[in-house]
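Descriptive analysis of the structure
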Amino acid sequence: MNFLGTWMLRFAFTCGLISFLLIAFKQEKEENKNLGILTGIVASFGVLLSSLLLLYSLVSGNYSIEYVYHNTEKSLPLIYKISAFWSGSSGSMLIWTSVLAVLLIIVFLRNKEKSSTKTISGVLLFVMTLFMFVVTFIKNPFKAVSEQSDGFGLNPSLQSLGMVFHPPVIIIAFSFFFIAFGYQLFDIRKNTEEHINITWKWAMWGWVLLTFGIITGGIWAYTELGWGGYWAWDPIENSSLVNWLFATAFLHSLRGKSNNNKRMNFLLIFLTVFTILVGTYIARSGLLNSVHAYSSRGVTVVFGVVLVVLVLLFIVYYFKIKRLHPKNNTKKSFLSIIKSGNLFSILSIITAVLIFGGTTFPLYGGLFLKAVSDTPISFYEYVFGVFGILVLLILAINPSLYTRKVLLIPGSVCGLAVLALMLFLCDYGFLTKLSLAVCAMLTVNLIIELAFNYKKHIGNKKSVAVLLLHAPLIIMVVGFAGSMGMLLNSDVTIEKGNTAVVGKYEVKYRNLYWKEEPGKTTAVSVIGVSGPKGKLQLKPELSYYQKMKISHSRAVIKSGLGEDLYIIFEGIDDKDNITLKVKIVKFVSLVWIGSILLLIGTILYYFSENKKTRILIKNILEQEV
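Everything in this summary refers to the structure shown in the same document. This is a predicted model, so every value here is computed, not measured.

1. A few points about the overall build of the protein
Looking only at helices and strands, the protein has 18 helices and 10 strands in total. Per-residue burial for the protein yields a buried fraction of 54% across its 625 residues. In the protein, 70% of the contacts between residues at least 6 apart in sequence involve partners at least 24 apart. Total accessible area computed for the protein in this model is approximately 29100 Å², and 65% of it derives from carbon and sulfur atoms.

Here you go:
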């Protein structure tokens with residue numbers, strides 16, 4: 001199996017490379033007979049066949065393959081044997097290549113007569129060929145080892161439904177952005193606006209899936225991984241946030257009043273896909289400290305060279321575009337995006353640049369400072385906190401969203417009153433107080449606007465969608481402010497029979513017992529908790545996995561709308577004293593509720609806009625006839 005899989009990858013890589021070179025340098029008159037595209041389709045089937053071979057090896061337990069041996073074992077449930085496909089560096093890259101291969105086939109079958117197919121195929125094949133080179137020659141998932149009777153097993157932190165859903169969703173989202181980039185590239189090269197709508201569709205669904213992926217990743221980290229929270233400002237997490245911010249700015253710019261600003265739109269979608277590749281590079285190079293990272297010197301060199309080449313090509317190509325669009329100069333491009341209607345886009349860009357700069361600072365900081373360390377978490381919290389507050393302020397005072405300006409006065413008074421009260425009565429950070437005050441202002445403004453002018457808004461579906469999209473933002477910001485700014489965190493070591501006090505909760509260590517399971521030994525602590533949630537008996541566990549020689553503990557969480565009681569069993573000493581991490585997390589449930597509502601609202605907005613576009617196109621076609 002390892003022999004067949006390796007040679008299938010080599011075959012797919014050879015076809016992919018030839019395909020990309022033919023598309024880049026050979027001119028074909030008919031897209032459906034383009035030899036480069038057809039060769040790319042052959043490469044795609046080669047990739048898919050190699051993926052099926054690896055998946056079969058994982059499920060059947062072919063432990064003579066190194067990747068299978070290191071990521072599965074006989075006792076592993078089937079669902080985790082499947083998700084083991086993308087649990088490692090080479091497997092995740094192969095599944096990503098497979099997704100691109102499927103999209104290449106779909107684009108060809110749906111658009112084989114269109115001139116844009118060549119450009120889209122070229123973009124997809126460039127990324128596919130890069131990934132295929134890595135999995136073929138550097139991180140081959142079919143590398144053979146001596147015959148083994150059982151596997152090493154999957155890391156316990158990856159044995160989760162989060163692992164089943166989160167990585168594939170992120171991979172599909174990233175792949176959609178590459179297609180959107182391809183359409184945008186074609187339009188700007190041909191000086192046309194033919195594909196604005198389809199570019200928006202691919203980018204919008206990429207954004208929806210990326211948002212969903214970030215949410216599921218946060219829930220996974222918070223509830224199962226025992227990392228102590230849903231967001232740790234890890235370099236890979238930051239990378240996905242930077243992608244999300246650039247994509248958000250692109251969607252607003254493309255669909256907004258400045259959608260004729262072709263050079264700015266092209267820059268934003270390029271930054272989206274470029275930072276996706278940078279994030280992939282960071283994850284697989286090990287250059288930055290990250291819990292998500294895989295370390296590989298070969299990958300570091302290959303991706304480093306490719307990223308440098310891409311930057312140089314973009315600079316050259318950007319000046320070529322400048323000659324194609326002389327009227328759309330840089331000053332005009334910048335001024336158009338910072339108009340009041342596009343302030344959200346410019347805020348997203350600035351925030352993305354700051355977070356990206358802070359994340360990569362350890363790589364270039366040595367040029368300016370003697371001692372370089374990771375950027376402190378407080379930097380990211382202030383940057384993103386200020387971004388959120390400014391976005392809410394724009395929504396709270398933007399006259400274009402409200403029928404009469406006078407209706408903004410009560411909300412402003414309410415916001416200032418809440419801020420004044422919190423300054424004197426609460427000891428939370430200033431950003432937390434300001435965030436809650438702005439949320440109060442925006443809430444009052446929306447309620448008054450809907451109360452006084454509901455008839456006008458009900459008749460305008462887009463207006464209703466826009467107003468309803470504000471509510472999830474308010475909910476999410478309250479959740480962020482509470483879970484980050486009001487957090488109570490304590491590490492306590494308790495002797496058996498003793499009690500520790502954390503906030504309004506008393507935690508009593510009652511008992512400890514052990515249980516043996518195949519491959520692991522688990523210590524189960526019995527603790528009694530009394531406080532605002534009543535009297536509870538909880539059993540946090542700490543497991544030791546013999547094969548991997550690692551310990552793992554999942555969080556025990558008692559959730560509520562107002563606050564969560566969050567406990568992790570962190571350690572035990574030779575006297576059976578236990579160490580617990582106890583957190584009281586305010587309003588974290590609002591983060592999940594607001595995120596889900598934001599996704600629902602965005603999808604509803606997409607379908608309303610898509611319906612409007614279809615009607616517009618139909619009317620144009622009828623007029624032409």
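And the narrative resumes.
2. Focus on a nonpolar patch on the surface
There is a patch of nonpolar side chains on the surface, built from Leu-561, Ile-593, Ile-596, Leu-597, Ile-600 and Leu-604 and spanning about 560 Å² of accessible area. Of note, Leu-604 is situated in helix H18 (residues 588-624). With a relative accessible area of 57%, Leu-604 lands in the exposed category.

3. So, the pattern of salt bridges
Following the criterion strictly, the structure yields 7 salt bridges and no others. Notably, a salt bridge pairs Asp-491 with Lys-581, separated by 3.3 Å at the nearest N-O pair. With Asp-491 in strand E1 (residues 488-494) and Lys-581 in strand E10 (residues 578-586), the pair connects residues that are 90 residues apart, well separated along the chain. Ionic pairing is found between Glu-541 and Lys-515, a salt bridge with its closest N-O pair at 3.0 Å.

4. Brief notes about the side chain of Lys-81
With respect to the helices, strands and loops of the structure, Lys-81 is situated in helix H4 (residues 78-83). Lacking a salt bridge, the buried Lys-81 has Asp-150 as its closest oppositely charged neighbour, with an N-O distance of 7.8 Å. Ignoring anything within four residues of it in the chain, the contact list for Lys-81 reads Leu-58, Val-59, Thr-72, Glu-73, Lys-74 and Leu-76.

5. Side note on the environment of Val-208
With respect to the secondary-structure elements, Val-208 resides in helix H8 (residues 196-223). The exposure class assigned to Val-208 is buried, which follows from its relative accessible area of 7%. With sequence-adjacent residues up to four places away left out, Val-208 is seen in contact with Leu-599, Thr-602 and Ile-603.

6. Remarks on unusual backbone geometry
Its identity is not glycine, yet Lys-549 carries a phi of approximately 55 degrees, on the positive side. Secondary-structure assignment places Lys-549 in the loop between strand E6 (541-545) and strand E7 (550-552). Positive phi, normally seen in glycine, also occurs at Asp-576, with a value near 65 degrees. Following the sequence through the fold, Asp-576 ends up in the loop between strand E9 (563-572) and E10.

7. Section: the pairing of strand E3 (residues 505-517)
Where strand E2 (residues 499-502) and E3 come together, 4 bridges link them in antiparallel fashion. The partner of Thr-499 across the bridge, within E3, is Lys-508. If you look at the hairpin formed by E2 and E3, you'll find 2 residues sitting between the two strands, and Gly-503 has a positive phi there, around 60 degrees. Here E3 folds back onto strand E4 (residues 520-531), and the loop between the two strands holds 2 residues, one of which, Gly-519, carries a positive phi near 85 degrees.

8. Quick word on the packing of helix H5 (residues 89-111) against helix H7 (residues 161-190)
Two elements in contact, H5 and H7, have axes whose closest approach is 10 Å; the angle formed by their N-to-C orientations is 45 degrees. By the angle between their axes, H5 is oblique relative to H7. Note on packing geometry: the crossing formed by H5 with H7 is right-handed. Packed against H5, whose contacting residues are Ser-92, Ile-95, Trp-96, Val-99, Leu-100, Leu-103, Val-107 and Asn-111, the element H7 presents Ile-171, Ile-172, Phe-174, Ser-175, Phe-176, Phe-178, Ile-179 and Tyr-183 at the interface. Tallied by class, the residues present in the contact of H5 with H7 amount to 13 nonpolar, 3 polar and no charged.

9. Let's talk about the environment of Val-478
With respect to the helices, strands and loops of the structure, Val-478 is situated in helix H17 (residues 461-485). Along the chain, Val-478 and Thr-432 lie 46 residues apart, while their C-alpha atoms are 8.8 Å from each other.

10. Concerning the nonpolar core
Within the largest apolar cluster, 137 residues are counted, with the highest numbers of intra-cluster contacts made by Phe-131 and Phe-178. At 15 residues, H7 tops the list of elements feeding residues into this core. Beyond its immediate sequence surroundings of up to four residues, Phe-131 is in contact with Met-93, Trp-96, Thr-97, Leu-100, Leu-277 and Phe-303. Core analysis: the second largest hydrophobic core is formed by 21 residues, Ile-494, Leu-565, Ile-578 and Val-582 among them.

11. Quick notes on helix H15 (residues 408-425)
With 18 residues, H15 should cover 26 Å at 1.5 Å per step; its first-to-last C-alpha distance of 26 Å lies within 8% of that length. Along H15, the positions that sit buried rather than exposed are Leu-408, Gly-411, Gly-415, Leu-419 and Met-422. Buried residues in H15, looked at end-on, bunch into an arc of 70 degrees, giving them a common side. Away from the buried face of H15 by more than 90 degrees, exposed residues Val-413, Leu-416, Leu-421, Phe-424 and Leu-425 are located.

12. Observations concerning the packing of aromatic side chains
In the structure shown here, the tally under the stated rule is 31 aromatic pairs. Relative to Phe-480, the ring of Tyr-230 has its centre 6.4 Å away and its plane inclined at 40 degrees; by these criteria the two rings are tilted. In this pair, Tyr-230 sits in the loop between H8 and helix H9 (235-255) while Phe-480 sits in helix H17, placing the two residues 250 residues apart along the sequence. A centroid spacing of 5.9 Å and a plane angle of 80 degrees characterise the contact between Trp-231 and Trp-233, whose relative ring orientation is edge-to-face. Pairwise contacts between aromatic rings join Trp-231, Trp-233, Phe-344, Phe-379, Tyr-380, Phe-384 and Phe-387 into one cluster. Taking NZ or CZ as reference, Arg-10 lies 4.6 Å from the ring centre of Trp-7, over its face.

13. Some words on the sheet that holds E9
If you walk across this open sheet you meet the 4 strands as E1-E10-E9-E8, and the pairing is antiparallel. Each end of this open sheet is capped by a strand with a single partner; those strands are E1 and strand E8 (556-558). Averaged over all neighbouring strand pairs, the angle between strand axes comes to 20 degrees, with direction disregarded. Bridge count between E9 and E10: 9 bridges; the pairing is antiparallel. Looking at the pairing, Ile-567 lines up with Val-582 of E10. Across the sheet, H8 touches E8, E9 and E10, and the angle it forms with E9 is around 55 degrees.

Rules behind the numbers
- Residues numbered from 1 in each chain as written.
- Predicted model: local features only at pLDDT ≥ 70, side-chain atom pairs only at ≥ 80, totals over all residues.
- Heavy atoms only, no water.
- Helix = DSSP H or I, 4+ residues; strand = E, 2+ residues; numbered from the N terminus.
- Buried < 20%, exposed > 50% of the residue type's maximum accessible area, 1.4 Å probe, protein only.
- Contact = heavy atoms within 4.5 Å.
- Areas by Shrake-Rupley, 256 points an atom, 1.4 Å probe, with all protein chains shown as cover.
- Patch = residues over 30% accessible without salt bridge, like charges linked within 9 Å, V, L, I, M, F, W, Y side chains within 5 Å.
- Salt bridge = Lys/Arg side-chain N within 4 Å of Asp/Glu carboxyl O.
- Lys, Arg positive; Asp, Glu negative; His and termini not counted.
- Pairing = 2+ DSSP bridges.
- Axes fitted to C-alpha atoms, helices over the stretch in contact; angles between N-to-C directions.
- Parallel < 35°, antiparallel > 145°, perpendicular 65-115°, else oblique.
- Left-handed = near helix turned anticlockwise from the far one by under 90°.
- Nonpolar A, V, L, I, M, F, W, Y, C, P; charged D, E, K, R; others polar.
- Core = buried A, V, L, I, M, F, W, Y, C linked by side-chain atoms within 4.5 Å.
- Expected span 1.5 Å × (residues − 1).
- Arc of directions from axis to C-beta.
- Phe/Tyr/Trp six-rings, centres within 6.5 Å; stacked < 30°, edge-to-face > 60°.
- Lys NZ or Arg CZ within 6 Å of the ring centre and 35° of its normal.

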